[in-house]
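# Reading the structure
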Amino acid sequence: MSLTVVIQVDRDRPRPSDIARAADCLRRGGLVAFPTETVYGLGVHALDAEAVQKLFYAKGRPANDPLIVHVAEFAGIAPLVTAMPDAAATLAARFWPGPLTLVLPRSRAVPPAVTAGLDTVAVRIPAHPVAHALLTAARIPIAAPSANLFSRPSPTLAAHVLEDLNGRIDMIVDAGATDVGVESTVLDLTVSPPLVLRPGAITLEILQSVLPAVRIASPSGEPAAMRSPGLLPKHYAPRAPLTLFQGDPAAARNAMTALARHAIAAGQRVGVLATAGDARALEGLQVVIGELGPDDDAEVAAAKLYAALRELDTAQVDVILARGAPGDEGLWRALGDRLRRASAAIVDVD
Ligand code: TXA
Ligand code: MG
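Residues numbered from 1 in each chain as written. Chains lettered and ligands numbered in written order. Predicted model: local features only at pLDDT ≥ 70, side-chain atom pairs only at ≥ 80, totals over all residues. Heavy atoms only, no water.

Moving on, we come to the pattern of salt bridges. Pairs can form between side chains of opposite charge once their charged atoms are near each other. What the rule picks out here adds up to 18 salt bridges. Between Lys-304 and Glu-291 there is a salt bridge, and its shortest N-O distance comes to 3.7 Å. A residue pair is termed long-range when its members are at least 10 positions apart, and Lys-304 in helix α10 (residues 298-314) and Glu-291 in strand β14 (residues 287-291) qualify at 13 residues. With a relative accessible area of 30%, Lys-304 lands in the partly exposed category. The partner of Asp-328 in a salt bridge is Arg-333, and the shortest N-O contact between them spans 3.8 Å. Assessed through its relative accessible area of 36%, Asp-328 is described here as partly exposed. One network of salt bridges, with partners in common, ties together Arg-152, Glu-163, Asp-164, Arg-310 and Asp-313. (Salt bridge = Lys/Arg side-chain N within 4 Å of Asp/Glu carboxyl O. Helix = DSSP H or I, 4+ residues; strand = E, 2+ residues; numbered from the N terminus. Buried < 20%, exposed > 50% of the residue type's maximum accessible area, 1.4 Å probe, protein only.)

The next subject is helix α1 (residues 16-27). Taking 1.5 Å as the rise per residue, α1 with 12 residues should run 16 Å; its terminal C-alpha atoms sit 16 Å apart, in good agreement. Within α1 the residues assigned to the buried category are Asp-18, Ile-19, Ala-22, Ala-23, Cys-25 and Leu-26. Seen from one end, α1 has its buried residues packed into an arc of 155°, which puts them on one side. Elements that come into contact with the buried residues of α1 comprise β1 (5-8), β2 (32-35), β3 (40-45), α4 (129-138), β7 (142-143) and β8 (171-174). A positive backbone phi angle near 95° is found at Gly-29, which sits one or two residues after α1. (Expected span 1.5 Å × (residues − 1). Arc of directions from axis to C-beta. Contact = heavy atoms within 4.5 Å.)

This part is about the sheet that holds strand β13 (residues 270-274). Within a sheet, adjacent strands bond to each other through the backbone by hydrogen bonds, running parallel or antiparallel. With parallel pairing, 5 strands are arranged side by side in an open sheet as β14-β13-β15-β12-β16. Of all the strands in the sheet, just β14 and β16 (345-348) have a single pairing partner and so form its edges. The sheet shows a mean angle of 25° between the axes of neighbouring strands, taken without regard to direction. Pairing of β13 with β14, which is carried by 5 bridges, proceeds in the parallel orientation. Directly across from Leu-273, in β14, lies its bridge partner Gly-290. (Pairing = 2+ DSSP bridges. Axes fitted to C-alpha atoms, helices over the stretch in contact; angles between N-to-C directions.)

Let us look at the confidence of the model for the chain. Low pLDDT means the predicted atomic positions in that stretch should not be read closely. Summarising the model, the chain shows a mean pLDDT of 94, and 95% of its residues fall at 70 or more. Across residues 221-227, confidence stays below pLDDT 50; counting only partners more than four residues off in sequence or on other chains, it has 11 contacts. (pLDDT = per-residue confidence, 0-100.)

What follows concerns the packing of α1 against α4. Here α1 crosses α4 at 55°, and the two axes come no closer than 9 Å. When the axis of α1 is compared with that of α4, the two are oblique. In this structure, the crossing between α1 and α4 has a hand that is right-handed. Contacts between α1 and α4 involve Ile-19, Ala-22, Ala-23, Leu-26 and Arg-27 on the former and, on the latter, Val-130, Ala-133, Leu-134, Ala-137 and Ala-138. For the contact of α1 with α4, the class distribution of residues is 9 nonpolar, no polar and 1 charged. (Parallel < 35°, antiparallel > 145°, perpendicular 65-115°, else oblique. Left-handed = near helix turned anticlockwise from the far one by under 90°. Nonpolar A, V, L, I, M, F, W, Y, C, P; charged D, E, K, R; others polar.)

Moving on: the sheet that holds strand β11 (residues 215-216). Sheet architecture is open: 11 strands sit in the order β1-β8-β2-β3-β7-β4-β6-β5-β9-β10-β11, paired in mixed fashion. The strands lining the two open edges of the sheet, one partner per strand, are β1 and β11. When strand β9 (residues 185-188) meets strand β10 (residues 195-198), the two strands line up antiparallel, connected through 3 bridges. Across the sheet, the residue bridging to Val-186 is Arg-198, located in β10. Here helix α2 (residues 49-59) sits on the sheet and contacts β3 and β7; the angle it forms with β3, its principal contact strand, is near 150°.

Now the structure itself:
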């Protein structure tokens, strides 16, 4: 493959002819990156095993890392699964379309390549208008991992997709920045109690308000990594090693600032993933800032995280420093999770 076509569309009112072109490419087994409300996905015909192999190759993704299958409507789930537990119907009614992925028993219609040979399948109905239009026009289930090269941060802009996959995929549908910025919550409904395998914008607290039994798989932990190979501890890595400072925010900020000073003195080019407060504490030091927004806004930080990591990579820093999430409530849990997965070293300050 050599030429990757980029189609610019309006986020809320994409032209039907543009959507038809992308849908047609997917139906014929092509690889098409498109925006979802979380991150850009790299779509492929989920029932076309050969096309699915092509996708793993384009991403450099190991074959043991299963894909999420996306559909436009709830009726599209039935052919993909052998059972629809009550809990799935309840959660679907409440959170779909939206950033929640459900793991259910896989039907034979789904090629084993999609699910890495597992007897379960991950499914979701995305809320982004362009994703919805594309899935509706294609009239097929679309398997879509995040549209990054394996182990690179997920793309929140079409430019990020181009950076990683230009010349390796057929098309990119560009509708500007995605909304949430971190990948969907993955909830396994084939186990009891249901387990959150990957935290996201549909938070543990929100899920428990509907299904009190829901539990979280151990953070960056072994059980989740075993059940879901894509959840290997180190997954969302920038090129420069990231050191994460966890614990009391003020103490973490002090420790981070001290290390920044040392690294600069040692002649290193230092990048910092910084909230506004962190940036103030670093004033006067020669650091490249990857901006995360206000200190106390998890939504903004999530939306900015991956772009900030990529900017620091582009700035060719030698090391990246970051402070961990200030807590585990709500979306902070997803942020903390992604920061830990991106890190090469973790410093606990307390
Ligand atoms: O927000 C998202 O979920 C984005 C957009 C494009 O929808 N997609 C995404 O896909 O993040 P990907 O492939 O980067 O991550 C899918 C995650 C992986 O960690 C994978 O291991 C897990 O979902 N997963 C997929 N199928 C599974 C299954 N059958 N059982 C357990 N985990 C599964
Ligand atoms: Mg991914």
